[in-house]
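Understanding the architecture of this molecule
This is what each chain is made of:
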Amino acid sequence: IRKDDFESSSDNLKSLYKTSVMLKDSLDTAALYVNPESAAFGRKRDTDVYSMVHKISLVLSHAKSNKNRIKVNFMGRVQNRHKLFESFKVIPLSLIQNALKYRKCNDVEIVFDERGDKLDFSVVSYGDLITDEEIELIFQRGYRTPKAQHMKVDGTGLGLYALKVVADVHNFGVKVSSSLLNGEQRKIGPCNKICVTAYH
């Protein structure tokens, strides 16, 4: 779906499309929780990663959970098609979903860095600091940071676990960094930069 087509659709069609996409993707993520081996089902296909991530961000940024209509800004391009399993979409789905849910200030940024057949894909958001100890646990099944548990945000600790399962199947690494903002940036509120990168 193109952005122009989506924006010009009726509210009912937008809702139907968003609901159907989110339901399918949620079921796929739940299947990985029960059966991690399903991440490698089917065969790898040549995939337009940029279009995939753009579609997911479009759906999530218009979801009811994004009440403040947080913007998702893209940086970089992906020129090549990459051979991926269908399950790969769980990676951008989980990262963007978390970025929108737990963001406290600024927009969400998606950054692509492609070098030949190598691809880095980062999602940058601004929220509560994640400690080194929490980063060690963040991809464990069912884990949520203490601050995430105290926020009025639904979560099960399922998304990042499923993401790691899918990343491993694709031989992608995943790294998380969280750093304090300083100077002028801190005047906007208690925000810290959080960057999660899947890299191949």
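Residues numbered from 1 in each chain as written. Predicted model: local features only at pLDDT ≥ 70, side-chain atom pairs only at ≥ 80, totals over all residues. Heavy atoms only, no water.

Under the definition given, this model contains 6 salt bridges. A salt bridge links Asp46 to Lys83, with the nearest nitrogen and oxygen atoms 3.2 Å apart. Of the two residues, Asp46 is situated in strand E1 (residues 45-47) and Lys83 in strand E3 (residues 82-84); the sequence distance between them amounts to 37 residues. Among the salt bridges present, the one from Asp168 reaches Lys164, with a minimum N-O distance of 2.8 Å. With Asp168 and Lys164 both in helix H7 (residues 159-169), this residue pair falls 4 residues apart, about one helical turn. Three or more residues are tied together by salt bridges with common partners; here these are Asp113, Arg115 and Asp120. (Salt bridge = Lys/Arg side-chain N within 4 Å of Asp/Glu carboxyl O. Helix = DSSP H or I, 4+ residues; strand = E, 2+ residues; numbered from the N terminus.)

This next bit is on the nonpolar core. Grouped together as the largest cluster of nonpolar side chains are 43 residues, with contacts concentrated most on Ile91 and Phe112. Sorting the residues of this core by element identifies helix H3 (49-61), helix H4 (90-102), strand E4 (108-115), strand E5 (118-127), H7, strand E6 (173-180) and strand E7 (192-199) as the ones contributing at least two each. With sequence-adjacent residues up to four places away left out, Ile91 is seen in contact with Phe121, Leu163, Val166, Ala167 and Ala198. Formed by 6 residues, the second largest nonpolar core is a distinct cluster that contains Cys105, Val124, Tyr126 and Cys195. (Core = buried A, V, L, I, M, F, W, Y, C linked by side-chain atoms within 4.5 Å. Buried < 20%, exposed > 50% of the residue type's maximum accessible area, 1.4 Å probe, protein only. Contact = heavy atoms within 4.5 Å.)

To continue, consider the sheet that holds strand E2 (residues 72-75). Strand order in this open sheet of 5 strands is E2-E4-E5-E7-E6, and the pairing throughout is mixed. Each of the sheet's edge strands pairs with one partner strand only, and the pair in question is E2 and E6. Along the sheet, successive strands turn relative to each other by an average axial angle of 15 degrees, direction set aside. With 8 bridges joining them, E5 and E7 adopt antiparallel strand pairing. Opposite Gly127, over in E7, you have Asn192 as the bridge partner. (Pairing = 2+ DSSP bridges. Axes fitted to C-alpha atoms, helices over the stretch in contact; angles between N-to-C directions.)

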